[in-house]
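# An overview of the molecular structure
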Amino acid sequence: MPQRSKGPRLYERPPRRDQSGKITHAGVWVIRDGPITVSTGCGPDDKLGAERALTSYLAKKFSEVKGQPRGPGEAIYIAEVLSLYGSEAAPKKEGDRRILSARIDKLMEWWGDKAVSEVRRTTCRDYVAWRTKQRIRHAKTSARTVREPTARRELVVLSAAINYWHAEHPLPALPVVWLPEDSKPRQAFLDREQAAKLLAAALGFYRDKGGAIHRRGKSARANRAHIARFILIGLYTGTRHSAMIGLRWEPSAISGWIDLERGVMHRRGAGESETKKRRPPVRLQQRLLAHLRRWHKIDRAAPLEDGRMITHVIHHGSVAIASKVRTGWEGTREDAGLGAEIVPHILRHTCGTWLAQRGVEVWEAAGYLGMTSAMFERVYGHHHPDFQSAASKALSGPGRR
C-alpha cells in the first residue's frame, strides 16, 4: 500500500556546499507537496515569511480544484480549510482583521499538515499544551508565555473554518473542536486612586524607592502620550479595546469617529454592520470632550511629512496602532505601582462599575456601554447602591422576630 501523502508542508533545506566546503546555495525554507518542491525564497531566520508563502500556495492550490469532487479516500488538510476561511470568510468579519489573520497563521503553524479527520479532543489538548509553552512576542518579561484563553480563541477560529468548509463541501463526519474551559469574566476594577495613579504614570510621573515623585523626560512622555488618551477614553466611555484604537477624527465608513461639534462618539463606522458586540454611539462626558478638543488641536498642528493630517485619535508617533495597545502599557502600569492583573480591558470594567456605584439606571448604563441590560445586571449589578435593598429591608422590618 503506498504511503499516505503528508500534504503541503514546510521544510528547511540546509545550505549547499561544493567540494571545498564553500556555500554555493544558501539555506532556504521550501514547500514540499508530494513530489513537488517549491522554494519560498525565505531564509532560515524568516519562518514567518515562509508560513505566509505556504498559505498563499495553499490558497492557489485550492482555487485550482475548487468545486471538483474529492476521491473517497482523499484527505482534506487543515491548511486548505484555514486557507479558504482566511481568503473568503475572514475579510467579511467585523472587528480587528489583523488579530484574526494572526490566529489563522498560528493555527496553520501547528495544524497545517494535519488532516481534518485528525481533529479530536486529544489533538486539541496537544495544541493548547504546545501553545501555552510559547513566549509572548511583545511581552516585556521574557518569561511570560501564552495563556490558555488565547489558545481557546484560536481553536474557536479553527472550528469556524471547519464549519465554513463543511457548508460548501460536506465532510463525511464533522469533527468537534474541543475547547478548554472558558475563563471567568474579570470582576476587578480600578478605584479612583488607582485610576489617578495609572493616568499620572502615563503622563510620566513615578515614585522612586524613597517615595519621592519624579517625572520622566520629554521623549519618554511623548512615547506614552497614546496611553494617556487610551486610559481617559476607556474610563469615561467603557469602549472596547478594538473600537477605541480605530477611532478617527473625521467621519469614516470603516471605523468609529468623534463628532466634536455634537459631543458624540460614534463607535461604529457608517459602513460597518452591527454584531453581538454592540457599538452604539455614546454621549461624551464634558471633561473628556475638553480633552478630545485639545488633542484635536495638537494633532492638527502637527501634520505628517507628506502634508496629510493625523487621522486616528489614538496613535503612537502619528502612526495608527496596529492591533492592540502594547507599547508603554506595562511600563505605565509598573510606574503606577499596580499588579500584572491590570490589563487594558480593566478600563471597561471600571467604567461599568462606576456607573453601577453611582446608581445609573440599568437600561441606560447598559446602553452606554453597548451591552444588554441582563449582561450589565449580571456583571455589575451587585455594585448598585440599591442591590437587594428591598430584600434587606424586608428582613429588618417591624415583623422581624
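Higher on the page you've got the structure.
We now turn to the structure provided with this report. (Residues numbered from 1 in each chain as written. Predicted model: local features only at pLDDT ≥ 70, side-chain atom pairs only at ≥ 80, totals over all residues. Heavy atoms only, no water.)

Below, the discussion takes up unusual backbone geometry. With a phi close to 75 degrees, Ser318 is a non-glycine residue in the positive phi region. Its location among the elements puts Ser318 in the loop between strand E11 (315-316) and strand E12 (319-320). Ser318 gets classed as partly exposed once you look at its relative accessible area, which sits at 30%. (Helix = DSSP H or I, 4+ residues; strand = E, 2+ residues; numbered from the N terminus. Buried < 20%, exposed > 50% of the residue type's maximum accessible area, 1.4 Å probe, protein only.)

For the pair helix H2 (residues 78-89) and helix H5 (residues 148-168), the least separation of the axes is 9 Å and the interaxial angle reads 85 degrees. The orientation of H2 relative to H5 falls into the category roughly perpendicular. Counted together, Ile78, Glu80, Val81, Leu82, Leu84, Tyr85, Glu88 and Ala89 of H2 and Val157, Leu158, Ala160, Ala161, Ile162, Tyr164 and Trp165 of H5 form the full contact between these two elements. In the contact of H2 with H5, the residues fall into 13 nonpolar, no polar and two charged. (Axes fitted to C-alpha atoms, helices over the stretch in contact; angles between N-to-C directions. Parallel < 35°, antiparallel > 145°, perpendicular 65-115°, else oblique. Contact = heavy atoms within 4.5 Å. Nonpolar A, V, L, I, M, F, W, Y, C, P; charged D, E, K, R; others polar.)

Burial runs high along strand E4 (residues 28-33): five of the six residues are buried. When strand E1 (residues 9-13) meets E4, the two strands line up antiparallel, connected through five bridges. Across the sheet, the residue bridging to Arg13 is Val28, located in E4. Across five bridges, the pairing between E4 and strand E5 (residues 36-42) is antiparallel. Each bridged residue has a counterpart across the sheet, and for Val30 the counterpart in E5 is Ser39. (Pairing = 2+ DSSP bridges.)

Let us now look at the packing of aromatic side chains. For the structure shown, the criterion picks out eight aromatic pairs. When the centroid spacing of 4.8 Å and the interplanar angle of 75 degrees are considered together, the rings of Trp110 and Trp111 count as edge-to-face. A relative accessible area of 15% means that Trp110 is categorised as buried. Of the residues examined, Trp111 reaches a relative accessible area of 0% and is grouped as buried. With 5.6 Å between their ring centres and 40 degrees between their planes, Tyr127 and Trp130 make a pair best called tilted. On the criterion of helical spacing, the pair formed by Tyr127 and Trp130 is a turn pair, its members being three residues apart in helix H4 (residues 121-131). What makes Tyr127 buried here is its relative accessible area of 0%. Three or more aromatic residues joined by ring pairs make a cluster, and in this case those are Trp110, Trp111, Tyr127 and Trp130. (Phe/Tyr/Trp six-rings, centres within 6.5 Å; stacked < 30°, edge-to-face > 60°.)

So, about helix H10 (residues 286-300). Each full turn of the α-helix corresponds to 3.6 residues, which orients residues three or four apart in the same direction. The first and last C-alpha atoms of H10 sit 21 Å apart over 15 residues, in line with the 21 Å expected at 1.5 Å per residue. Those residues of H10 that sit buried are Leu288, Leu289, Leu292, Trp295 and Asp299. One face of H10 carries all of its buried residues, which in axial projection span an arc of 125 degrees. With respect to the buried face of H10, the exposed residues turned more than 90 degrees away are Gln286, Arg287 and Lys297. If you follow the buried residues of H10, they end up packed against helix H8 (225-237), strand E8 (257-259) and E11. Two or three places before Arg287, at the opening of H10, Gln285 has a side-chain oxygen 2.6 Å from that residue's backbone nitrogen. (Expected span 1.5 Å × (residues − 1). Arc of directions from axis to C-beta. Polar contact = N/O pair within 3.5 Å; in protein donor to acceptor, adjacent residues only side chain to side chain.)

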